[in-house]
Amino acid sequence: MKNKIIVIALSLVTFLIACEKDEIDLYSGENYIYFERESENILEYSFSFHPGVDVDTIPLVVKLIGNIADYDRKIELQIVDTGTTATDSDYSLPAEIVFRAGSNKDSIPLVLYNSEKLKETKLKLSFAINDAEELLCGPMDNKYAEIIFSDMISRPEWWDEVIVNSFLGKYSNTKYRLFIEATGIADMTNLSESEMRAYSMILRDFLKKGREEGKEFIDENGEPINVPEWLNI
């Protein structure tokens, strides 16, 4: 029994030493920053959910471990070439990236630009926080951030057979884009039947008004875009 206790104690000491090597030394007086999202938690953005938007800003949220300062401190942000397919014309970052004074949380404004190629291609941007003079890289699990962006659209899970038969009719990418444009929403998950009916009628009225103005609504398959007949009553 005594031998078992000794083995357990030694194992515990070894475990604690290993943990200390992986943790940030909070008592060294150093300051650390890290991405709020963990590295494997990839952010995906599509311009298709924002009709008419050609430029949008995505905040890359970073947090501080250490002392809040009364002055801005430089952030050393690296574009990781091996994980990046976007070019300089697809995005922009501030000329000087800083962690602003007076807070333990900030964001780096990443500007994305829409273009025709994004309708058929998803682009990637990979970032890494490196050590700067006053702000060191924090936990390794939060050292990297990856953004995937496009203008592509696909059938959402909520557009099921019930939606097809009772509300919006047959799915097409073009119809989905028009639905978003007309209603201002992209998701009908968990909506009530009356709410789904109301949004479907908004699309109906949008199509009706457009046709009265001489517009033609044809989807990517060459078929007219319509809603179920009962919505036209």
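Preceding this paragraph is the structure being described.
Residues numbered from 1 in each chain as written. Predicted model: local features only at pLDDT ≥ 70, side-chain atom pairs only at ≥ 80, totals over all residues. Heavy atoms only, no water.

### Side note on the overall build of the protein
Point 1. Of regular secondary structure, the protein possesses four helices and 11 strands.
Point 2. In the protein, which comprises 233 residues, the proportion classed as buried is 35%.
Point 3. Within the protein, contacts between residues at least 6 apart in sequence are counted, and of these 69% link residues at least 24 apart.
Point 4. A total of about 14400 Å² of accessible surface is found on the protein, and carbon and sulfur atoms cover 51% of it. (Helix = DSSP H or I, 4+ residues; strand = E, 2+ residues; numbered from the N terminus. Buried < 20%, exposed > 50% of the residue type's maximum accessible area, 1.4 Å probe, protein only. Contact = heavy atoms within 4.5 Å. Areas by Shrake-Rupley, 256 points an atom, 1.4 Å probe, with all protein chains shown as cover.)

### Notes on helix α4 (residues 193–212)
Point 1. In a regular helix each residue adds 1.5 Å, so 20 residues correspond to 28 Å; α4 covers 29 Å between its end C-alpha atoms and thus fits that length.
Point 2. Those residues of α4 that fall on the buried side of the exposure criterion are Met196, Ser200, Leu203, Arg204, Leu207 and Gly210. Projected down its long axis, α4 carries its buried residues within an arc of 130 degrees, all on one side. Of the residues in α4, the exposed ones pointing more than 90 degrees away from the buried face are Ser194, Lys208, Lys209 and Glu212.
Point 3. Tucked inside the fold, the buried residues of α4 contact α2 (161–166) and α3 (173–183). (Expected span 1.5 Å × (residues − 1). Arc of directions from axis to C-beta.)

### Focus on the environment of Glu116
Point 1. Residue position: Glu116 is located in the loop between β8 (105–113) and β9 (123–130).
Point 2. Among the residues examined, Glu116 registers a relative accessible area of 62% and is labelled exposed.
Point 3. Through-space distance from the C-alpha of Glu116 to that of Asp151 is 8.1 Å; in sequence the pair is 35 residues apart.

### Considering the sheet that holds strand β1 (residues 32–35)
Point 1. The strand order across the open sheet formed by five strands is β6-β8-β3-β1-β10, and the pairing between neighbours is mixed. Of all the strands in the sheet, just β6 (91–92) and β10 (136–137) have a single pairing partner and so form its edges.
Point 2. Bridge analysis of β1 against β10 gives two bridges, and the strand direction is parallel. If you follow Tyr32 over to β10, its bridge partner there is Leu136. (Pairing = 2+ DSSP bridges.)

### Some remarks on the side chain of Lys175
Point 1. Topologically, Lys175 is positioned in helix α3.
Point 2. Look at Lys175: it is buried, it has no salt bridge, and the nearest opposite charge is Asp219 at 7.4 Å.
Point 3. In contact with Lys175, not counting residues within four places along its chain, are Trp159, Leu168, Gly169, Lys170, Leu203, Ile225 and Asn226. (Lys, Arg positive; Asp, Glu negative; His and termini not counted. Salt bridge = Lys/Arg side-chain N within 4 Å of Asp/Glu carboxyl O.)

### Regarding the nonpolar core
Point 1. One finds Phe35, Ile75, Leu110, Leu112, Leu125, Phe127 and Phe149 to be the most contacted residues of the largest nonpolar core, which totals 27 residues.
Point 2. Going through the elements one at a time, β1, β3 (55–65), β8, β9 and β11 (144–150) are the ones with two or more residues in this core.
Point 3. The residues touching Leu125, leaving out its near neighbours within four places in the chain, are Gly83, Thr84, Ala86, Tyr91, Leu110, Leu112, Ala145, Glu146, Ile147 and Phe149.
Point 4. In terms of nonpolar packing, the next biggest core, distinct from the first, is built from 20 residues, Trp158, Leu178, Ile185 and Leu203 among them. (Core = buried A, V, L, I, M, F, W, Y, C linked by side-chain atoms within 4.5 Å.)

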